[in-house]
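Here is how the chains run, residue by residue.
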Amino acid sequence: MNADPNKRFTETPMVRRKLCQEAIAKWIFRIMSASMIVPLLLILGYLIQRAWPSLSVGFILDVPIRGIKDGGIWPAFVGTIYLVFISLAVSAPIGILAAVYLNEYAKENWFNRIINLAVINLAGVPSIVHALFGLGAFVYAAKFGCSIISASLTLAIMTLPVIIASTRESLASVPRTFREACWNVGATRWQTIRAIVLPNSISGILTGVILQVSRAAGETAPVMFTGAIYFKAVQKGDLFPYRLDEQCMALSTHLYNISTQVPGVRESIPFATAVVLLGLVLVVNAAAIILRVWLRNRKKW
Amino acid sequence: MPVGAVNCDSFAPEDLTMPVPAPRKSPGFSFAVRQATRPLWAVLGERLLTVLIYLCGISAIIFVLSIFIFVFKEAAPVLFSGRFNLGQFLFSTEWYPTSEVNVRYGVLAMIAGTFAVTGVAMLIAVPFGLGAAIYLSEFCGPKVKETLKIVIELLAAIPSVVWGFIGLTVMSKLIVQFTGAAVGVNVLNAGIIIALMSVPIIVSIGEDALKAVPDSYREAAIALGVTKWQLTWRVLLPAAKNGLLAAVLLGVGRGVGETMAVLMATGHAVHVPHSVLDSVRTLTANIAAELGEAPADSDHYRVLFLTGVLLFVITFFVNLAADLAIRGIKKQ
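Residues numbered from 1 in each chain as written. Chains lettered and ligands numbered in written order. Predicted model: local features only at pLDDT ≥ 70, side-chain atom pairs only at ≥ 80, totals over all residues.

### With respect to the overall build of chain A
Right, so step 1: Assigned secondary structure in chain A consists of 12 helices and two strands.
Right, so step 2: Counting from the amino terminus, chain A carries its helices and strands in the arrangement α-α-β-β-α-α-α-α-α-α-α-α-α-α.
Right, so step 3: The C-alpha atoms of chain A give 25 Å as radius of gyration, which overshoots the globular expectation for 301 residues (19 Å, by more than 25%).
Right, so step 4: Once the C-alpha set of chain A is aligned to its principal axes, its extents read approximately 75 × 60 × 35 Å.
Right, so step 5: By the burial criterion, 48% of the 301 residues in chain A qualify as buried.
Right, so step 6: Taking the contacts inside chain A whose residues are at least 6 apart along the sequence as the reference set, 76% of them involve residues at least 24 apart. (Helix = DSSP H or I, 4+ residues; strand = E, 2+ residues; numbered from the N terminus. Rg over C-alpha atoms; globule rule 2.2 N^0.38 Å. Buried ≥ 20, exposed ≤ 12 C-beta atoms within 10 Å, placed from the backbone. Contact = placed C-beta atoms within 7 Å.)

Next comes the structure, spelled out in structure tokens:
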């Protein structure tokens with residue numbers, strides 16, 4: 001095939017205009033794409049530069065002092081880890097099994113459509129409405145009070161669609177012939193799923209789980225009213241400072257508090273907190289991407 | 001189909017779990033046939049697991065319904081009490097929830113604020129998002145495509161509170177510097193932030209929509225000697241318009257529902273905006289800001305839940321519309 005078929009003919013003004021238009025369009029689209037990325041890099045650079053005076057490992061391990069106006073972010077950091085892992089423990093099994101149902105058991109009918117619509121809506125419900133739900137359902141109706149449990153359950157429901165979508169996509173990519181082969185040797189539906197479908201789609205499931213972690217770590221509004229607290233005295237470097245029925249600090253709400261609610265915070269502290277939160281989320285996401293690329297390259301079909 | 005062939009579509013693996021009938025003993029012959037039965041616990045276990053999987057499968061429906069029910073339940077007492085006027089709630093711009101003498105709950109100003117911010121965001125995000133989607137799917141090479149997709153994925157991962165912080169610290173200064181506005185936290189600021197937040201979803205759904213256009217369309221157009229631009233403009237955009245509409249609608253849904261970023265970047269003034277440099281308050285930000293102060297079970301608290309119901313309904317219909325648009329393509 002010739003690389004540029006237009007060159008084989010003499011260029012008429014029309015062809016020339018056509019090619020010119022094409023070049024202009026290409027550059028416009030290229031600039032549009034670049035204009036999403038360049039500002040982002042500039043902003044990141046600016047944040048890191050402003051955060052630099054405070055940014056260190058000690059900043060993460062230290063506890064806040066002088067009414068959270070100075071010091072580190074350890075209680076918030078640990079609190080976020082608590083919230084993320086408890087919500088993960090709830091949403092991962094439900095989400096994976098839901099995806100298994102949708103992809104392996106459900107038939108293509110109106111009921112399946114309603115489930116799909118519900119998943120899409122669950123992803124689209126504003127985070128503040130999730131917060132209201134968590135407050136009404138877990139804090140008051142279930143009487144968990146404002147606690148890590150309430151906040152984690154709210155986060156779990158909120159991040160469920162992430163796991164469902166990712167798992168479902170990877171289950172759907174396992175060829176049907178694999179399943180048929182397994183059925184033909186006499187395996188039941190669940191045996192097939194356990195022995196063939198799940199092992200072959202583990203990469204997508206892990207990606208979903210990791211994305212859930214990053215999403216849960218960054219959410220603010222649902223945590224703010226269901227379990228986050230302004231300040232909690234915690235020993236420096238203490239790994240288990242919270243009980244499950246207690247309120248905890250979280251990185252995201254901590255950032256909100258020190259950047260809007262408290263006057264007189266040392267200038268670089270909010271920037272450093274933002275950079276730590278951003279770094280955490282981006283590292284987790286990068287891990288998901290690397291895992292996906294690595295496992296895709298090993299794929300046997 | 002030859003006689004005796006198994007039709008794969010109607011062949012369900014449950015058929016295999018049926019107990020194998022005991023071999024008939026005919027006199028004279030005796031075969032040792034091992035019966036293919038499974039222990040009872042395995043059969044029951046699988047039944048149980050199937051029920052569990054089914055329950056998880058419908059969990060999304062349960063959760064969406066219970067979100068609506070619980071939020072509505074908290075809001076209901078004020079809705080059906082004589083003190084509250086739904087017309088005033090929806091069509092009045094006066095929001096004085098803590099007034100001593102004349103309490104008024106009107107959210108029109110905040111609805112206006114929400115749509116002003118979302119509108120500005122979409123004016124920026126739609127052209128850029130669709131432009132980037134077209135560039136990704138039609139113009140760039142595979143390496144650039146892979147890199148761009150990763151960057152967009154990372155862009156989508158930035159937490160909203162960090163976006164709000166960026167609006168508060170970086171964007172507000174830039175806006176004051178370039179436009180001379182009195183305050184940097186306003187409609188324009190939040191609009192730019194929401195635009196950056198909703199661009200990833202517009203790009204990824206838009207790219208999916210363009211990818212879903214059958215290759216035969218492309219081949220037919222290229223055979224006529226069109227350039228990529230003509231192909232995009234005359235063939236792909238009309239063919240993918242439903243999917244692109246869905247991308248825009250999902251972006252709108254994201255904008256309407258965003259909380260922390262607008263809470264920090266809009267400036268928090270309850271009034272109908274007259275220009276993009278006015279400060280506003282959105283429905284979401286209003287709930288987030290006042291929920292902590294409103295005493296539980298007070299009218300104010302219940303009205304905030306009612307605002308939540310309103311938001312739920314708005315986003316539900318936006319998402320429903322997006323879903324119908326996507327279904328539209330699949331049917332073609």
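### Let's talk about the overall build of chain B
Right, so step 1: Tallying secondary structure elements over chain B gives 13 helices and two strands in all.
Right, so step 2: Of all 332 residues assigned to chain B, the portion counted as buried reaches 43%.

### Here's the deal with the nonpolar core
Right, so step 1: Formed by 186 residues in total, the largest nonpolar core has its most connected members in Ile193 and Ala261 of chain B.
Right, so step 2: Non-local contacts of isoleucine 193 of chain B, meaning those with residues more than four positions away in its chain, are made with Trp163, Ile166, Gly167, Met171, Ala261 and Ala265 of chain B. (Core = buried A, V, L, I, M, F, W, Y, C linked by C-beta atoms within 7 Å.)

### Describing the packing of helix 5 (residues 127-141) of chain A against helix 6 (residues 148-172) of chain A
Residues and elements named next belong to chain A.
Right, so step 1: Following both chains from N to C, one finds helix 5 and helix 6 inclined at 135 degrees, their axes separated by 9 Å at the closest point. By the angle between their axes, helix 5 is oblique relative to helix 6. Pair helix 5 / helix 6 crosses with right-handed handedness. Across the interface between the two elements, Ser127, His130, Ala131, Gly134, Phe138 and Val139 of helix 5 pack against Ser150, Leu153, Thr154, Ile157 and Met158 of helix 6.
Right, so step 2: Along the lines of polarity and charge, the residues of the contact of helix 5 with helix 6 split into six nonpolar, five polar and no charged. (Axes fitted to C-alpha atoms, helices over the stretch in contact; angles between N-to-C directions. Parallel < 35°, antiparallel > 145°, perpendicular 65-115°, else oblique. Left-handed = near helix turned anticlockwise from the far one by under 90°. Nonpolar A, V, L, I, M, F, W, Y, C, P; charged D, E, K, R; others polar.)

### Digging into unusual backbone geometry
Right, so step 1: Backbone geometry at lysine 143 of chain A places phi at a positive 60 degrees, although glycine is not the residue there.
Right, so step 2: With respect to the helices, strands and loops of the structure, lysine 143 of chain A is situated in the loop between helix 5 and helix 6.

### What to know about the interface of chain B and chain A
Right, so step 1: Taken together, the contact between chain B and chain A spans 71 residues of the former and 73 residues of the latter.
Right, so step 2: Across the side of chain B that touches chain A, the residue classes break down as 47 nonpolar, 17 polar and seven charged.

### Considerations on the packing of helix 12 (residues 268-298) of chain A against helix 5 (residues 142-157) of chain B
Right, so step 1: Where helix 12 of chain A contacts helix 5 of chain B, the axes come no closer than 10 Å and their chain directions differ by 140 degrees. By the angle between their axes, helix 12 of chain A is oblique relative to helix 5 of chain B. Here helix 12 of chain A and helix 5 of chain B pass one another in a crossing that is right-handed. Touching Val281, Leu282, Asn285 and Ile289 of chain A of helix 12 of chain A are Ile150, Glu153, Leu154 and Ala157 of chain B, all from helix 5 of chain B.
Right, so step 2: Each residue belonging to the contact of helix 12 of chain A with helix 5 of chain B can be placed in one class, and the counts come to six nonpolar, one polar and one charged.

### Looking at the environment of phenylalanine 128 of chain B
Right, so step 1: By the secondary structure assignment, phenylalanine 128 of chain B is in helix 4 (residues 108-139).
Right, so step 2: When the 21 C-beta atoms within 10 Å are taken as the criterion, phenylalanine 128 of chain B is described as buried.
Right, so step 3: Between the C-alpha atoms of phenylalanine 128 of chain B and alanine 195 of chain B, which are 67 residues apart in sequence, the distance is 9.2 Å.
Right, so step 4: If sequence neighbours within four positions are ignored, phenylalanine 128 of chain B has contacts with Met32, Ser35 and Met36 of chain A together with Val199 of chain B.

### As for helix 3 (residues 74-105) of chain A
All names here are of chain A.
Right, so step 1: For helix 3, which comprises 32 residues, the first-to-last C-alpha distance of 45 Å matches the rise-based estimate of 46 Å (1.5 Å per residue) to within 8%.
Right, so step 2: Roughly 30 degrees is the biggest bend found in helix 3, and it falls at serine 91, with proline proline 93 one to four residues downstream.
Right, so step 3: The buried count for helix 3 comes to 24 of 32 residues, which makes it a mostly enclosed element. (Expected span 1.5 Å × (residues − 1). Bend = angle between axes of the 7 residues up to and from the residue.)

### Description of helix 5 of chain B
Right, so step 1: Its 16 residues give helix 5 of chain B an end-to-end C-alpha distance of 23 Å, which sits within 8% of 22 Å, the value for a rise of 1.5 Å per residue.
Right, so step 2: Within helix 5 of chain B the residues assigned to the buried category are Leu148, Ile152 and Ala157 of chain B.
Right, so step 3: Buried residues in helix 5 of chain B make contact with helix 1 (13-51), helix 9 (202-218) and helix 12 of chain A together with helix 4 and helix 7 (187-211) of chain B.

### Some details on the confidence of the model for chain B
Residues and elements named next belong to chain B.
Right, so step 1: Chain-level statistics for chain B give a pLDDT mean of 83 and a share of 88% at 70 or above.
Right, so step 2: Under a pLDDT of 50 for its full length, residues 1-16 has, in the predicted model, 10 contacts with residues more than four places off or in other chains.
Right, so step 3: Across the whole predicted complex the pTM is 0.85, and at the interface the ipTM reaches 0.87. (pLDDT = per-residue confidence, 0-100.)

### Here's the deal with the environment of valine 209 of chain A
Residues and elements named next belong to chain A.
Right, so step 1: Considering the arrangement of structural elements, one finds valine 209 in helix 9.
Right, so step 2: Here the alpha-carbon distance between valine 209 and threonine 159, two residues 50 residues apart in the chain, equals 9.7 Å.
Right, so step 3: With sequence-adjacent residues up to four places away left out, valine 209 is seen in contact with Leu88, Ala92 and Ile163.

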